[in-house]
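Close look at the chain arrangement
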Amino acid sequence: MKYTRTFKTNNYNFKDIKTLLAKASPLRSADELAGIASVSEIERAVAQWVLADLPLTEFLEELLIPPEDDEVSRLILESHDQTAFAQISSLTVGGFREWLLNDATSDADIAGVRWGLTPEMTAAVSKIMRNQDLIAVAKRCAVTTRFRNTIGLPGRISTRLQPNHPTDDPKGIAASVLDGLLYGNGDAVIGINPATDSPKNVANLLRLLDDIIGQHQIPTQSCVLAHVTTTLELMRSGAPVDLVFQSIAGTEAANKSFGINLALLAEAKETALALGRGTVGNNLMYFETGQGSALSANAHHGIDAQTCEARAYAVARAFSPLLVNTVVGFIGPEYLFDGKQIIRAGLEDHFCGKLLGLPMGCDVCYTNHAEADQNDMDNLMTLLAVAGCTFIMGIPGGDDIMLAYQTTSFHDALYLRRVLGLRPAPEFEDWLDRMGIFDGNNALSQSIEPPKLSGAIRQLMGN
Amino acid sequence: MGDPWMELRQFTQARIALGRAGHAVPTQALLDFQLAHAEARDAVHFPWDIDAFAGQVHDLGEEAVILSTSVSSRSEYLRRPDLGRALTEASRTRLNNLQASAVDVALIVTNGLSSTAVERHGIPLLQAIVKGFRSRQISIAPVALVANGRVALADEIGSVLAAKLAIIVVGERPGLSAADSLGLYLTFAPRPGNTDAERNCISNIRPPEGFGYAEATAKLLYLTGEALRRGKSGVTLKDDMDTENLVLQTIIELD
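Please read these numbers as outputs of a predicted model, since none were measured by experiment.

Reading guide: rules and limits
- Residues numbered from 1 in each chain as written.
- Chains lettered and ligands numbered in written order.
- Predicted model: local features only at pLDDT ≥ 70, side-chain atom pairs only at ≥ 80, totals over all residues.
- Heavy atoms only, no water.
- Helix = DSSP H or I, 4+ residues; strand = E, 2+ residues; numbered from the N terminus.
- Rg over C-alpha atoms; globule rule 2.2 N^0.38 Å.
- Buried < 20%, exposed > 50% of the residue type's maximum accessible area, 1.4 Å probe, protein only.
- Contact = heavy atoms within 4.5 Å.
- Areas by Shrake-Rupley, 256 points an atom, 1.4 Å probe, with all protein chains shown as cover.
- Lys, Arg positive; Asp, Glu negative; His and termini not counted.
- Charge placed at Lys NZ, Arg CZ, Asp CG, Glu CD.
- Pairing = 2+ DSSP bridges.
- Patch = residues over 30% accessible without salt bridge, like charges linked within 9 Å, V, L, I, M, F, W, Y side chains within 5 Å.
- Salt bridge = Lys/Arg side-chain N within 4 Å of Asp/Glu carboxyl O.
- Core = buried A, V, L, I, M, F, W, Y, C linked by side-chain atoms within 4.5 Å.
- Axes fitted to C-alpha atoms, helices over the stretch in contact; angles between N-to-C directions.
- Parallel < 35°, antiparallel > 145°, perpendicular 65-115°, else oblique.
- Left-handed = near helix turned anticlockwise from the far one by under 90°.
- Nonpolar A, V, L, I, M, F, W, Y, C, P; charged D, E, K, R; others polar.
- pLDDT = per-residue confidence, 0-100.
- Buried area = accessible area lost by both parts, 1.4 Å probe.
- Polar contact = N/O pair within 3.5 Å; in protein donor to acceptor, adjacent residues only side chain to side chain.

Digging into the overall build of chain B
Along the backbone of chain B there are eight helices and six strands. Listing the helices and strands of chain B from first to last along the sequence gives α-α-β-α-α-β-α-β-α-β-β-β-α-α. Here chain B has a C-alpha radius of gyration of 20 Å; the compact-globule value for 255 residues is 18 Å, and the two agree. Seen through its C-alpha atoms, chain B measures out along the principal axes to roughly 65 × 45 × 35 Å. Sorting the 255 residues of chain B into buried and exposed places 56% on the buried side. For chain B, the proportion of contacts with a sequence separation of at least 24, taken over those separated by at least 6, is 69%. Here chain B displays about 10,600 Å² of accessible surface, and carbon together with sulfur accounts for 52% of that area. Positive and negative side-chain charges of chain B, numbering 25 and 30 respectively, have mean locations separated by a distance of 5 Å.

The structure is reproduced here in structure tokens:
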């Protein structure tokens, strides 16, 4: 056994890095379900101790999945930059934590090692970090992306306006879009989860959003979160596609269960780029992820949920996305049991994503069969906003009537702006001020003049 | 402070135009949310009267067979989805013995995460589906009823019954304004190990707010026909149907 430690009179053996990572993971139901979690708190603490002593170079020697069996592993190997890695190559996992927190390490130094890091290294160090460490280091990682506005600047937080409707009714969706805009939401994207993935339906929704954005000259982008094959087909038939959406995971087998592979994502990205719809930049992929997705597809290769998740970020960053969203509590209590596990996972995902250079947002959410409530979401959203989270969701009242779960509301973003002074993307903030929705001071207008979107409301009412 | 666009509420059940107290929601909206969450939480743990349901399936003129997974409690069901994907040995044997002639479709019903949904919409939906299949001469196996099942349970049942297609009706996880929504999943050539990419889904069956029974059945009949004709299901079987026309046509046909 390579990874062993004696504590008091007991020997603890971890047969490989994969096992060590799983045993060192803060407790979550996904790893228990997979049968790879620590059986005791002591075993977990000892595993963290052993993990802290592991040299980072070990992650380049011992691979979690044989590259010949898994294209994500090949991608991780091929995209690893030895030159960027040189600055930290002598460190252990524990030493890396201290390097990240050290005042002598500049934010630029941290950004400089991005491509020298494998997702497994970021997952490993996160496992020996407290929540405050995850927040403090993530805050040091600025990631800026652009399509029709600038997302991720320091001191700002954006929102995805999510106007879902159970039957994709255009008027119902338009009503939620207007409500969200009037509450200052929607700068990350106006993004609909369609109730049905049929090309005709998706095309109708794309046109609806394109009309609203075009008519009111809103500096933002739209997305209908259909399967990438549907979006590809629609791009070829001339539908107005801004962002290409896809759910992704950290193993080839899990991606296969989603009906995708790297070549398909590359094809979709190239097709979208050729449309030339971005005005200030060309980041146009929108990915969603979440701990437990590989396990739920029975495609985790014995790797713990959080490490699988970090590997999904290696897939994401190969496509320079505009947005990456970890949908942290959506998957249910068999993966993240309660508020405590959801909060921890949200902070881990945001940290790992940012460290790898991704525009990381978080769907701060839970389902009704999880042991969680809106107070847990208040906690996670506040912690993430302090950590510099790129964007959160905005949904009417925090209640998604199509996907049947709860997330953050339009009002929640206003709360973060109020208590932390965080602003929307600059182009979008200017638009909110011009429209009379915001007051010029990052808050809703108190003016008795109705905002300029009133015309759109009358139009929807049919008079 | 109320919102001047209150009238938009007629277009959606979403919590729009809530008004505000400073940056926050008004007290009434806060309390409404908490109450709805309490209702949804209770719906998750509501039991399903499977015997009564079997009786109602008989009343539709269909055979029903009650099967089990090894899940022993609702709380275990929530933590161990793997147990909800497999039949007990006894149920598998029972199903094996039941097998008579080859059928087109294995039809399965489980309460999933909302017993309320199956109790409220299960029978009328089955009635529409059964009628549709009869009119198209599509043969179905006895309806399998399983408490605490997961979607992938359809793979095993469909495979044991040697059905060309497995269709499972499942209670979807409750949302705040929708604690009673049903989902339908269709898989061609069901066998253990099918992935989600091989399934087609119709969700939000919950009249009057969500999809209606006839509308969902029309979609299902279309997908069933295409899956049988083209020998596949899932992301490669696109849902290209012109919904409105076909729904109308099928409703007329079923009447």
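Observations regarding the pairing of strand E2 (residues 10-14) of chain A
Bridging between strand E1 (residues 3-7) of chain A and E2(A) involves five bridges; their strand directions are antiparallel. Within the sheet, the bridge partner assigned to Thr4(A) lies in E2(A) and is Asn13(A).

With respect to a nonpolar patch on the surface
Residues and elements named next belong to chain A. On the surface, Phe-7, Ile-42 and Trp-49 cluster together into a nonpolar patch covering about 280 Å² of accessible area. Structurally, the position occupied by Phe-7 is in strand E1. According to the relative accessible area criterion, Phe-7 is partly exposed, its value standing at 30%.

Digging into helix H7 (residues 93-101) of chain A
By the burial criterion, the buried members of H7(A) are Val93(A), Gly94(A), Gly95(A), Phe96(A), Trp99(A) and Leu100(A). Looking at the packing, one finds that the buried side of H7(A) touches helix H3 (41-52), helix H4 (58-61), helix H8 (107-112), helix H9 (119-127), helix H10 (131-140) and helix H18 (339-355) of chain A.

Points about the nonpolar core
Residue and element names in this part refer to chain A. The biggest cluster of nonpolar side chains holds 157 residues, and the ones touching the most others in it are Leu-51, Phe-96 and Leu-181. No other element matches the eight residues that helix H12 (residues 199-215) contributes to this core. Once residues within four sequence positions are removed from consideration, Leu-51 is found in contact with Leu-20, Leu-21, Ala-24, Phe-59, Val-93, Ala-124, Lys-127 and Ile-128.

Re the packing of H12(A) against helix H13 (residues 228-236) of chain A
Residue and element names in this part refer to chain A. Following both chains from N to C, one finds H12 and H13 inclined at 65°, their axes separated by 10 Å at the closest point. The angle between H12 and H13 places the two elements in the roughly perpendicular class. With respect to the hand of their crossing, H12 and H13 are arranged in right-handed fashion. On the side of H12, the interface is formed by Pro-199, Val-202, Ala-203 and Leu-206, while H13 contributes Thr-230, Glu-233 and Leu-234. Classifying every residue of the contact of H12 with H13 by side-chain character gives five nonpolar, one polar and one charged.

A look at the environment of Ala299(A)
All names here are of chain A. Within the element layout of this structure, Ala-299 appears in the loop between helix H16 (293-296) and helix H17 (305-317). Residues Ala-299 and Ala-254, 45 residues apart in the sequence, show an inter-C-alpha distance of 5.1 Å. Setting aside residues up to four positions removed in sequence, Ala-299 forms contacts with Thr-251, Ala-253, Ala-254 and Ala-294.

Quick look at the environment of Thr236(B)
The topology assignment puts Thr236(B) in the loop between helix H7 (213-230) and helix H8 (243-254). Taking the C-alpha atoms as reference points, Thr236(B) and Ala197(B), 39 residues apart in sequence, are found 8.4 Å from one another.

Some points on the sheet that holds strand E4 (residues 165-171) of chain B
All names here are of chain B. Strand order in the open sheet made by the six strands is E1-E3-E2-E4-E5-E6, with mixed pairing throughout. Strands with a single pairing partner mark the edges of an open sheet, and in this sheet they are strand E1 (64-67) and strand E6 (199-205). Going across the sheet, the axis of each strand differs from the next one's by a mean of 20°, ignoring polarity. Pairing geometry for strand E2 (residues 105-110) and E4, over six bridges, is parallel. Within the sheet, the bridge partner assigned to Val-105 lies in E4 and is Leu-165.

Topic: the confidence of the model for chain B
When the pLDDT values of chain B are averaged, the result is 91; 92% of them are 70 or greater. Model confidence for the complex is summarised by a pTM of 0.86, with the ipTM given as 0.95.

Section: the interface of chain A and chain B
Taken together, the 64 residues of chain A in the interface contact 52 residues of chain B. With both sides pooled, the region where chain A packs onto chain B buries about 4,600 Å², and carbon together with sulfur makes up 58% of that total. Applying the counting rule to chain A against chain B returns three salt bridges. When the shortest N-O distance is used, the salt bridge between Arg15(B) and Asp399(A) registers 2.7 Å. Taken together, the links from chain A to chain B amount to 14 residue pairs in polar contact (both at pLDDT 80 or more). Of all the secondary structure elements, the ones that give two or more residues to the side of chain A that touches chain B are helix H2 (29-34), helix H11 (170-182), H12, H13, helix H14 (252-257), helix H20 (410-420) and helix H22 (454-461) of chain A. Here the side of chain A that touches chain B gets seven residues from one element, more than from any other, and that element is H11(A). Its residues placed into classes, the side of chain A that touches chain B shows 28 nonpolar, 23 polar and 13 charged.

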